[in-house]
Amino acid sequence: MTSLSTRQQHDTLMTPNYAPAQIVPVRGEGVKVWDQNDRLFWDLTSGIAVTALGHAHPALVETLTEQAKKLWHVSGWFTSEPLVKLAETLTELTFAERVFFCNSGAEANEAALKLARRYASDKVGSNKHRILSTVNAFHGRTLFTVTVGGTEKYKQGFGPLPEGITHLPFNDIAALEAAFDENVCAFIVEPIQGEGGVRSATPEYLAAARKLCTQYDALFILDEVQSGVGRTGTLYNYMQKGITPDILTSAKGLGGGFPIAAMLTTEKLAQTLALGTHGTTYGGNPLACAVGKKVLDIISAPVFLSQVKERSEQLKEQLHTIGKELNCFSEIRGEGLLIGAELKGSLQEQALQLMRRGEEHNILFLMAGPNVLRFAPALIISETELDQALVCLKSTLEAAIAAA
Ligand SMILES: *Cc1c(COP(=O)(O)O)cnc(C)c1O
């Protein structure tokens, strides 16, 4: 009874911008979660690629508990040991020399875009303000990031919107070349469009973008909010694409479920954000930074990352097998443990319905648009756990096909 009232209360208490599942999760362990009725679900969502080490990872619980006894918050008027340690780790493990901490992917992208505008304005003048982005891109829901994002309906009714932003077809080198001029201050792209359907940018596209950015003195902003922190089998996806961005944004997996985000950049570009130019109260919060450091220590280990690649192969292979048997997928794509399965036949455009049906079969997964199932399990998922979860996926699909 409690369970029903809690779920119903949600709808009377909350702004209606979400439509959460009917089940109410109450605890989790690794890739398993239990609802109020103590029913078990395999979690192939990780809270949208956030709980990278699964639920209640013992090392993270310990780190958070220890930090909770020491220091919770100090603001930007003070530094802290966890902040410095996490910044040190991020700069050691990536191209970056400087870090800005904030609390969400949108905020990290907001900082990146503001830095790019300000850098160009300081160096050249306010004419150099154009931002190039891609169709179907997702960069967050603040007014600036949603405008830079490539989904029209997310912007509707929120105008006037920030100006000077152009959306180009993804992976189209010719369109990018045609759009570039000396007034472009930044190009922003996800190495794998997550919300946009789990589509990888080709290495050729990223290389062309890198070259054009350098040629026109525009900043290459790589949004690794979803693809970062081990998700694709390297700490960040750019590490396997042969390019280095000027700015990289990280969030989702970085705190393993504790809110934190980071904008990474070079020494030179960082100077743009001079004293007083930007800030956020919670950015670099000691609790978040302590957890983030532990997450990176665990995920950056080569053995850990090679296991992500092994599970990726297993997931793709088994999805191919299921797709063949049930004739329900037209394509399996993605990298690491960010995998999309495009629906066909009687399941076409049924991603949302399948998500809901999955709950009946004890499995939770995501969608990426109405025609793509998205799988983003915790990176610690074992071979047998993935096997068991995919048995539930198969019964979900079979039931849906039978009902169609
Ligand atoms: C989720 C996401 C964001 C936005 O992150 P929030 O923490 O929701 O603000 C930005 N970019 C990408 C690629 C994302 O997947």
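Here the structure is shown first, and the text comes after it.
Think of each chain on its own: its residues are numbered from 1, step by step along the sequence as written. Local features in this predicted model are restricted to residues whose pLDDT is 70 or higher, and side-chain atom pairs enter the listing and the counts only when it is 80 or higher, whereas totals over whole chains, interfaces and linings include all residues. Note that water and hydrogens are dropped before the side-chain values are worked out from all heavy atoms of the structure.

Asker: Provide a residue-level description of helix 4 (residues 81–93), including the pertinent values.
Answerer: Numbering of helices and strands runs from the N terminus; a helix is a DSSP stretch of H or I covering at least four residues, while a strand is a stretch of E covering at least two. Multiplying 1.5 Å by the helix residue count minus one yields the expected span of that helix. Its 13 residues give helix 4 an end-to-end C-alpha distance of 18 Å, which sits within 8% of 18 Å, the value for a rise of 1.5 Å per residue. Only protein chains enter the area calculation, which uses a 1.4 Å probe; residues under 20% of their type maximum are buried, those over 50% are exposed, and those in between are partly exposed. For helix 4, the complete set of buried residues consists of Pro82, Leu86, Ala87, Thr89 and Leu90. Along helix 4, the residues classed as buried sweep out an arc of 160° about the axis, all on the same side. Structural note: helix 4 exposes Glu81 and Glu92 on the side pointing more than 90 degrees away from its buried face. Its buried side turned inward, helix 4 meets helix 3 (58–68), strand 4 (98–102), strand 12 (261–265) and helix 10 (286–299). Nitrogen and oxygen atoms within 3.5 Å of one another constitute a polar contact, given that in protein one can donate a hydrogen and the other can accept it, and given that sequence-neighbouring residues count only through two side-chain atoms. N-capping of helix 4 is provided by Ser80, with a side-chain oxygen placed 3.3 Å from the backbone N of Leu83. Arc definition: directions from the helix axis to the C-beta atoms. For this analysis, residues touch if any pair of their heavy atoms sits within 4.5 Å.

Asker: Please set out the packing of aromatic side chains residue by residue, giving values where relevant.
Answerer: Any Phe, Tyr or Trp ring, taking Trp's six-membered ring, that has another such ring centre within 6.5 Å forms a pair; planes under 30 degrees apart are called stacked, those over 60 apart edge-to-face, and the others tilted. Within the structure shown, the criterion is met by seven aromatic pairs. Judged by centre distance (5.8 Å) and plane angle (70°), the rings of Phe187 and Phe220 are edge-to-face. With Phe187 in strand 7 (residues 184–189) and Phe220 in strand 10 (residues 219–223), this pair connects stretches of sequence that are 33 residues apart. Residue Phe187 shares its accessibility class with Phe220, and that shared class is buried. As a reminder, the over-ring test applies to NZ of lysine and CZ of arginine, requiring each to be within 6 Å of the ring centre and within 35 degrees of the ring normal. Here the guanidinium or amino end of Arg27 rests over the ring plane of Trp34, the centre of that ring lying 4.3 Å away.

Asker: Now, about the pattern of salt bridges: what can you tell me, with residues and values included?
Answerer: By convention in these notes, a salt bridge is any Lys or Arg side-chain nitrogen within 4 Å of a carboxyl oxygen on Asp or Glu. A full pass over the atoms with the stated rule returns 17 salt bridges. The partner of Arg7 in a salt bridge is Asp11, and the shortest N-O contact between them spans 3.0 Å. Of the two residues, Arg7 and Asp11 both sit in helix 1 (residues 2–13), four residues apart, roughly one turn of that helix. Among the ionic pairs, Asp181 bridges to Arg130, the shortest N-O distance being 2.9 Å.

Asker: How would you summarise the packing of helix 11 (residues 302–326) against helix 13 (residues 383–403) if you had to cite specific residues and measurements?
Answerer: Look at helix 11 against helix 13: their axes get within 11 Å of each other, and the N-to-C directions meet at 25°. Compared by their axis directions, helix 11 and helix 13 come out roughly parallel. Viewed along their axes, helix 11 and helix 13 form a crossing whose handedness is right-handed. Of helix 13, the residues touching helix 11 (which contributes Arg311, Gln314, Leu315, Gln318, Leu319, Ile322, Glu325 and Leu326) are Glu383, Leu386, Asp387, Leu390, Leu393, Lys394, Leu397, Glu398 and Ile401. Residues are grouped as follows: Ala, Val, Leu, Ile, Met, Phe, Trp, Tyr, Cys and Pro are nonpolar; Asp, Glu, Lys and Arg are charged; all remaining types, including Gly, are polar. Tallied by class, the residues present in the contact of helix 11 with helix 13 amount to nine nonpolar, two polar and six charged. Between N-to-C directions, angles cover 0 to 180 degrees, with each direction set by a line fitted to C-alpha atoms, over the stretch in contact for helices. In these notes the angle categories are as follows: under 35 degrees is roughly parallel, over 145 is roughly antiparallel, 65 to 115 is roughly perpendicular, and the rest is oblique. By definition, turning the near helix anticlockwise from the far helix through less than a right angle yields a left-handed crossing, and turning it clockwise yields a right-handed one.

Asker: Break down the pairing of strand 2 (residues 32–35) for me, with residues and values.
Answerer: Two strands pair under a simple rule: DSSP has to find at least two bridges between them. One ladder, built from four bridges, connects strand 1 (residues 25–29) with strand 2; its direction is antiparallel. Each bridged residue has a counterpart across the sheet, and for Gly28 the counterpart in strand 2 is Val33. Where strand 2 meets strand 3 (residues 40–43), three bridges bridge the pair, whose relative direction is antiparallel. From the neighbouring strand, Lys32 faces strand 3, where its bridge partner is Trp42. Taking the residues between adjacent antiparallel strands as the criterion, strand 2 and strand 3 are bridged by four residues, where Asp38 takes a positive phi near 65°.

Asker: Any details on the sheet that holds strand 15 (residues 363–364)? Residues and values, ideally.
Answerer: Across the sheet, which stays open at both edges, the four strands sit in the order 1-2-3-15 with mixed pairing between neighbours. Bordering the open sheet on either side are strand 1 and strand 15, each of which pairs with just one other strand. Pairing between strand 3 and strand 15: two bridges, direction parallel. Residue Asp43 lies in a different strand from strand 15, and its bridge partner there is Leu364.

Asker: Describe the state of the cysteines, and please don't skip the residues or the numbers.
Answerer: Simply put, disulfide is the name for a covalent bond between the sulfur atoms of two cysteines. The rule for a disulfide is simple: a pair of cysteine sulfur atoms within 2.5 Å. By the definition in use, this model includes zero disulfides. Not part of a disulfide, Cys213 finds its nearest cysteine sulfur in Cys185, a span of 9.9 Å. The thiol sulfur of Cys328 is not disulfide-bonded, and the nearest other cysteine sulfur, from Cys392, lies at 16 Å. Among the residues examined, Cys328 registers a relative accessible area of 1% and is labelled buried.

Asker: Help me get a handle on the site of the ligand, residues and values and all.
Answerer: Whether a residue is near a molecule or strand is decided by its heavy atoms; if any one of them lies within 4 Å of it, the residue is near. Every residue close to the ligand is listed here: Ser104, Gly105, Ala106, Asn109, Phe138, His139, Gly140, Glu190, Asp223, Val225, Gln226 and Lys252. One nitrogen or oxygen atom from the main chain of Ala106 is found 2.8 Å from an oxygen atom belonging to the ligand. Contacts to the ligand include Lys252, whose side-chain N or O atom sits 2.6 Å from an oxygen atom. Method for areas: the Shrake-Rupley scheme with a 1.4 Å probe, in which residue coverage is limited to the protein chains shown. Alone, the ligand offers 380 Å² of accessible surface; in the complex the protein occludes 81% of this.

Asker: Explain empty space enclosed by the protein to me, and be specific about the residues and the numbers.
Answerer: Site definitions follow a grid-based scheme: protein atoms alone, a 1 Å grid, a 1.4 Å probe that fits but cannot get out for cavities, and for pockets an open set with protein on both sides within 12 Å along at least five of seven lines, plus lining residues having an atom within 4 Å of a point. Grid points are joined across faces, edges and corners, and a volume is the space filled by probe spheres set on the points. What the rule picks out here adds up to one cavity of 30 Å³ or more. There is about 30 Å³ of room inside the largest cavity. Residue lining of the largest cavity: Ala49, Ala52, Gln226, Gly228, Val229, Arg231, Gly253 and Leu379, and that is the complete set. The residue makeup of the lining of the largest cavity, split by class, is four nonpolar, three polar and one charged.

Asker: Can you explain the nonpolar core? Please cite residues and give values.
Answerer: By nonpolar core we mean a set of buried residues, namely Ala, Val, Leu, Ile, Met, Phe, Trp, Tyr and Cys, connected to one another through side-chain atoms within 4.5 Å. Formed by 78 residues in total, the largest nonpolar core has its most connected members in Phe187, Ile299, Phe329, Leu373 and Leu397. Leu373 has contacts with Phe329, Ile339, Gly340, Ala341, Leu343, Ala351, Leu354, Phe365, Leu366, Met367 and Leu397, leaving out every residue within four places of it along the chain. Judged by nonpolar contacts, the second largest core, of 25 residues, contains Ala108, Ile221, Ala261 and Leu269.

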